Each structure stands twice: as structure tokens, then as C-alpha cells.
Amino acid sequence: MTDAQPGRPTENAMRRALKRARDGVALDTAEAAVLLQARGEQLRDLSASAARVRDAGLEAAGRPGVITYSKKVFIPLTRLCRDRCHYCTFVTVPGKLRREGHGMYLSPDEVVEVARQGAALGCKEALFTLGDRPEDRWPEAREWLDAHGYDDTLAYVRAMAIRVLEETGLLPHLNPGVMSWTDLQRLKPVAPSLGMMLETTATRLWSEPGGPHHGSPDKEPAVRLRVLEDAGRSNVPFTTGVLIGIGESYEERADALFQLRRIQRQYQSIQEVIVQNFRAKPDTAMRAMPDAELEELAACIAVARHILGPAARIQAPPNLVDSEYALIVGAGIDDWGGVSPLTPDHVNPERPWPHIDQLAERTRESGFELRERLTVYPEFIARGEPWLDPRLLPHVRALADPATGLAREDALPKGLPWQEPDEGFTASGRTDLHRTIDTEGRTGDRRADFDAVYGDWEALREQAAPGMVPQRIDSDVREALAQAADDPTRLSDDQALALLHADGPALDALCSLADDLRRATVGDEVTYIVTRNINFTNVCYTGCRFCAFAQRRTDADAYTLSLDQVADRAAQAWEVGATEVCMQGGIHPDLPGTAYFDIARAVKERVPGMHVHAFSPMEVVNGASRTGLSIRDWLTAAKEAGLDSIPGTAAEILDDEVRWVLTKGKLPAADWIEVVKTAHELGLRSSSTMMYGHVDQPRHWLGHFRTLAAIQQETGGFTEFVTLPFIHTNAPVYLAGIARPGPTTRDNRAVTAMARVLLHPHITNIQTSWVKLGAEGAAEMLRSGANDLGGTLMEETISRMAGSRYGSYRSIEDLRAIATLAGRPAKPRTTLYGEVPAERIAAAEASDGHLPELLPLAD
């Protein structure tokens, strides 16, 4: 096929690989590479075993003998692109578009008109295809977006998807190229499925001059694999695939299939895999490259079926297979992809779509029935939450057969509103959990979808293993202690790691040093705040594997508070002397996009003087994606609604090696950093946090501290650093046998002391957690560099659901007693570490120990 291919495999190697395929034995990369070269009788043998695997999968799916397709229209939103793929005829340049009388993008009216025509013909899918981020390369694209009021191309994609939903009822399938994690959050609410071809994992085809992807930043295989992983983390039904015959070796082709299997095993998010054969096109750099032969395509389909298994949905475009339908069906496909009765294949314009009646007949000749599906596959419709946004459910249900999840072929799409669910912000479920968690506990130790919502546990064990290997430390602890005492800002990474590993007398010396540094920096007073936590919902499908708080809406412990209940709790807290409410909740799919603004506004209207400390960076991103606003605009609107500062939670460990073990769908470290920096720039200060003692190592703690210190030097926006020891008891990642049972006392002391040392002099307040450590443990941390005890809390559900044994409330007297255990005085503070008004102090003192009935009481 290409110069990269070695000679044909030996007959022995082929016989052995074919037998393993026939016997259903798992193939390795070398065997798959051999089978990719099967031709003639060998290919018929391989295809027969692949077809048996396919047939078993269709039987299990409840549609034996069925091959599917999607009736679609093709919407080429823009043919501009920042990439330079050497085989592409879809992409063009601004001058050519102008000469042909076209705009840089299809206009909104043009988009809707194509969709309307498709709807009239019974199409149900609107396939949006476009180049990657053209505004980054072409000033004309940037000018068009600015003139029409869009921040970027993806904002226009989102807006047009909504118009198609509302005005035609077609279901958008979006192919905008490489997407970040945040981009996926923006687009998921407006499309039942998204897609991006992996194409190949052969990095050399991207990195080496002359390669088909050279000069195309979005075609780096590592970047595209990250998109597939982020889609899985985000619970997005995702279409991907391989493009064969562009210069990759058989081993590289096999590797791409194994990478797809890895991602599917971990996230179960790949709804279909397209196996597409390269076709040379005139007027491209690869016009002289030979086409991938159809037997080569069939072999790749069959190998893909063996690697990906019976549950995979494997597709080949019918307009690229000439008349060899039987060959392709026999190799193991179960889907023909999108077929349009209206629009051409804009990527392969020289290859017209077959007529659907013709496709049905050719499929029937191979012994299968052709059935129409929607852009989102039946399996994902059956899964429901969190795979389909509630705002899309009416559109999908209008077109889906409730019995099969396939398309209702007689249904004609019609526009439906794209809007929040009717139920909105209403109270439901176990709304007294804030109190009864201390008296009755949780209903069970895990949620009912434990085996599905977090991804594949076995794959996660393999992923976690390398990061949990302790690092050899060769630095001299005494030398590091001396440097820390002399000037902690000049500690090298090796010295810092030595101190993070310190134990015995060296740890005692480190804690003493940190305590001296604390005294010199902030004095002896132990600060605390009279505050109330309000966790307004615990319904969440993000899939954080450390979190025992999140519930499905149908779980016994699930709840959502109404706005009145949130405001009532804030008012009660004010009555007993609080200066702050700290409000966070699960990522509830049904809460309206304005929910966070509504919550802040409800509290401010009821208690104007209350400081609203609310909404983690994860919630900020969720709010921004649901409203279609940028992070900056969303935070600005939240501030106008009454938000005063944000908690720096959702940080866990700011190292994606650890984050992707701890959580399936939470925001990446870079996005957390973007949110807090933007908040600081807007005058919204935040805390900073680190959760440790799970699958992490001291090297991860060091990186986290360095990141926080760098942010603080840039923005000055952090008020404090909060240590959050991992509570393991009910944490899914612990119950699955992956995480260790929380940090040791040594870990707690070392983290607290090194937080003081490594964050000096940038973050001066170090907070310890009585909720997680108890009174004695918190006092020990006050002797190890901490100077703050956090808040009275009044209610605390998150740590208690995880298994914390130390209750949900501490009175002022209790907090003073902890300070006394450490031999220090205590003093109240505000959220921003200011002086508390005398009236608030008096109200808190008068009410201490006499909280209203609604507040949880300590045992």
C-alpha cells in the first residue's frame, strides 16, 4: 500500500492469527497487523468469524439481522479551516468562496433552509460539518464572526444547532473537529451526538514534512485521542473512526483500533466506529496516491470487529464501496452511516449517495434488513441520563420508536422549543439530609449505578497503577530543612520532595519550622468564621469516583432544595450570627441554566448583608455551558446577581494524571485554573484547596502547591489554602479497591507544614478541617503550620456522606476549644479575613448552642 509497509506475513503467521480469530481469542497488535493483510480466501475466513461476532452483538442488542442507517442532511457550515490536510477537497480559501459568491460561513437562513428541506423529505439528522477553528488562520473568518456577534466558530455552531432544533426538529450531529473539554460542555446541550474521526495514531504522518497531516495542528494523534477521552468523561455519545490508506503501516492501523478499544472500554462513550477508505481526489497533494482497495477495507472492518467486539457499532460509508456491498456486510459492519436524499457528500463530492431503496435492496441481498436510526444510537437513548441533555429529550422522543430506540420511519420532524425542563427549581427528595445524615445516616454505601456511572473499574486500576508508585528520594532532609528555615522560597523541587516525605524527628522539625513561620507571618490567633453550608442538590452524574455525596435523581438519598428553602436556610444562619453562606451542589441536569444566578439572588434578596461564597469552578463551567456564556461573562452575571466569592473546590489534585483516576467527568486542571484566574481578575476572590491521600503521591502535592503559588503571584486572589484529607469510607474509588484509605497522620502533618512553607509568602492563611480530622487532629495541624479552622458550618453533607465521623456542626465554643488544645487564642473573621462587625459577633455569641430546629445539632 505504501512505502511504510513491510513484506507480506508468513503463511504460518496468517494461519495462527486466523485460528485465534475463529476461536474468539483476544488478538494483540502484531496479530491484528497480520490479519489486516488478509486477502482472498484468507479474507473470507476472517470475515466469517467477524460476522459471527457482529451477529451475536445484534442479537444481544435486540435487533438480529438489522443493519442501520441515518437519513440526514449535510450542512457544510464553513469550508474554511486552519489545518492543511493533503487529501482534503472539502476545505477551501476565502478568495475562492468570494469568487463563487459564497460567504465565509453559511448564513443562519441558509442553514435553516437546508434543514427544512431535509425535514420535508423525512430526514431526521442534520450533520454539521466544518473546518477546525478557521478564525485562527483566516482574518476573513474572524471578521465574519465579529460582524454577526459570535465569539468563535463553536458559538455559531451552537446557535445554529438550536435554530435547527427549534425550527425544523432535525437532530444535530456536530463534527466541528478538535474540541476542548469546555467545548464539549458547550455543545452537548444542543446535540444528541458529536463526532470527530481519529483517523490514525501514526504520529509521523503529522510530524514529518510531506506527511498527509503535516502542518495541521488539529491532526496530532495525541490531541485527537484527548478529545475522545474528554467526550467519554463528559458522557457524550461520540462517533469516531479510522481513515485507512493515507500512509500508515498495518501496525499503526492496528494501534488506532486498539486505542479506540481502550477508550471505549474505559468510558463506553463511542457510539459508532467508521472504517473509511482513502480515495484520491484531484487538486490535492495526494492526488497520485493509490486508493485503499476494497479488500483492504473489508479486512480492516473485520479486524475492527474482532478488536472492538460484538457491542461495537461499526460503519462503512456506502458511497465509498462501489458495488461491493456484500463484501462489506460480510466483513462485519452493522451500519451504513448517514445517507442523504437531498445533499451531496461534501467531503467526497465525486461519490454520490446511493438511493435508500437501492441500499435497502443491496442490504437485503446480503441477508439483512435495513432500518433507520437516529443520529444517537438506541443504546444511548436507553441509558438516558447523563447521556442526553434534558433539553434534547423532547426532540429525541418525538422521533424515536419507544420500543426499539430506532427511528420512527413514518415520523416527520417538526420544530420544538429548546428549553429548560418544566419542573425547574422545586424541592424534592430527602431535603432533611443535612440533619438526618447525623442521626439516620445514608441509605446505602453506594449509589445504584455504581458499576456503570464511573467507567470501567478494571481499566481504571491499570491507569492508576503507575501514578501510585512511590518516588525514590535522594535529597538530604537536613539540607532541605536548613534551606526552608533560611528562605523557604528558594527550596528546590528535590528539597521540597524530601520534606514532603519526611518522617520521625525530621517531620517534627519540619512542623516546628512551619509553626514558627506561621507565627512570624500571621501571629498566634486561630481564625474561624460563623458560616452555614448549603448544599442545594446532590443529584449529579459527573462521575467523580471519590464522591459519596452525588446521587441519581431516583436514589433514596437524592434531594433538591427549592429557592425558598435555600433562602430560608440563609436567613436562619443570619439570625444566629453568620456572615457567610457557602453554597455548592451537584451538577443536576434539570436545573435551569440560570439556577446559580437565581440562588445567589434569592439569598441576597432575603439577607442583603450575607456574603455569598458559592459555586465551585466545576459549577461555573456548568453554568457557562448551559447558558452559552463565556466563563468571564458568566462570572460577571453571577457577580451582578449577588455572588461575592467562590470556593476553590473541585481542584482535588491539579495534575490530570491523578484527576482522571479520581473523576470521570470533572473539569481538567487547565480549566480549573482558567476559572479561578478569571474570577480573580473580576474581583471575585476564592479559596484554594487540595484533596490528598487517595491515588496521589508527594510529587503530585508538590506540583499542586507550585501551581497555586504561581496563580497567587499573578492574581493575588486566593484568601486561603484549605487542606482536604480524603475520606475513604464510602468513596467509590476506595470501595472498588483502587484508592488507599485516606492519608496517614504523617501525611496530614507533612501536607499542612509544607503548605505553609511552599505557599509562603503568597498565601498566608492555611486552613485545617475539623470535619475531616476531628478536634484533636485539627489541633495537631494548628501546631504544624495552620492558622485557620474554617467555619461552624451548621450543616455539612458532603464529608458526612463520605463517612466522616466528626459531625456537621461546631459551635464557637467548640472551635475555641480546638484552638486552646493547640495553646492559642481564637478570633472570628469574615470570608475575606477582615474584622467581623460587633453586631454579628454579638448575634453569634447570643445564639451559640441554641440553633433553630432546622439546623443540625451536634450529638
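All values derive from a computational prediction rather than experimental measurement.

Rules and cut-offs
- Residues numbered from 1 in each chain as written.
- Predicted model: local features only at pLDDT ≥ 70, side-chain atom pairs only at ≥ 80, totals over all residues.
- Heavy atoms only, no water.
- Helix = DSSP H or I, 4+ residues; strand = E, 2+ residues; numbered from the N terminus.
- Rg over C-alpha atoms; globule rule 2.2 N^0.38 Å.
- Buried < 20%, exposed > 50% of the residue type's maximum accessible area, 1.4 Å probe, protein only.
- Contact = heavy atoms within 4.5 Å.
- Areas by Shrake-Rupley, 256 points an atom, 1.4 Å probe, with all protein chains shown as cover.
- Lys, Arg positive; Asp, Glu negative; His and termini not counted.
- Charge placed at Lys NZ, Arg CZ, Asp CG, Glu CD.
- Salt bridge = Lys/Arg side-chain N within 4 Å of Asp/Glu carboxyl O.
- Phe/Tyr/Trp six-rings, centres within 6.5 Å; stacked < 30°, edge-to-face > 60°.
- Pairing = 2+ DSSP bridges.

Undergrad: Sorry if this is basic, but what is going on with the overall build of the protein here?
TA: Each helix and strand counted, the protein has 35 helices and 21 strands in total. The C-alpha radius of gyration of the protein comes to 29 Å, within 12% of the 29 Å expected for a compact globule of 859 residues. Its C-alpha atoms put the protein at 85 × 60 × 55 Å along the principal axes. Counting across all 859 residues of the protein, residues that qualify as buried make up 63%. Counting contacts in the protein only where the partners sit at least 6 residues apart, residues at least 24 apart contribute 78% of the total. Accessible area for the protein stands at about 30400 Å²; split by element, carbon and sulfur atoms hold 50% of it. Charge centroids of the protein, computed over 95 positive and 121 negative side chains, lie 2 Å from each other.

Undergrad: Any chance you could explain the pattern of salt bridges here in plain terms?
TA: Side-chain pairs of opposite charge can arise where the charged atoms are in close proximity. One pass over the full model with this rule turns up 63 salt bridges. When the shortest N-O distance is used, the salt bridge between D696 and R740 registers 3.0 Å. Here the residue D696 occupies a position in the loop between β17 (685–692) and α29 (698–715), and R740 occupies one in the loop between α30 (732–735) and α31 (745–758), the gap between them amounting to 44 residues. Residue classification places R740 among the partly exposed residues on the basis of a relative accessible area of 21%. Of the charged contacts, one joins E780 and R749 as a salt bridge, the two residues approaching to 3.4 Å between their closest N and O atoms. With E780 in helix α32 (residues 770–782) and R749 in helix α31, this pair connects stretches of sequence that are 31 residues apart. Through salt bridges with shared partners, one network takes in D515, D516, R518, R519, D524 and R824.

Undergrad: Explain the packing of aromatic side chains to me, please; I cannot follow it from the model alone.
TA: Think of a pair of aromatic rings as described by two things: how far the centres are apart, and how the planes are tilted against each other in angle. The tally for this structure, following the rule as stated, stands at 16 aromatic pairs. Their ring planes at 55° and their centres at 4.9 Å tell us that Y150 and Y156 sit as a pair that is tilted. For the pair shown, Y150 and Y156 are each scored as buried. Pairing Y596 with W634 gives two aromatic rings, centres 5.7 Å apart and planes at 75°, and the pair type is edge-to-face. With Y596 in helix α24 (residues 595–606) and W634 in helix α26 (residues 631–641), this residue pair connects regions lying 38 residues apart in the sequence.

Undergrad: Would you mind showing me how to read the pairing of strand β11 (residues 526–529) here?
TA: Residues in a regular strand point their side chains to alternate faces of the sheet. Here β11 shows a buried face lined by V526 and Y528 and a second buried face lined by T527 and I529. Bridge analysis of β11 against strand β21 (residues 826–828) gives 3 bridges, and the strand direction is parallel. Along β21, the bridge assignment pairs V526 with A826. Taken together, the 2 bridges between β11 and strand β20 (residues 788–791) define a ladder with parallel strand orientation. The residue bridging I529 from the neighbouring strand is G791, located in β20.

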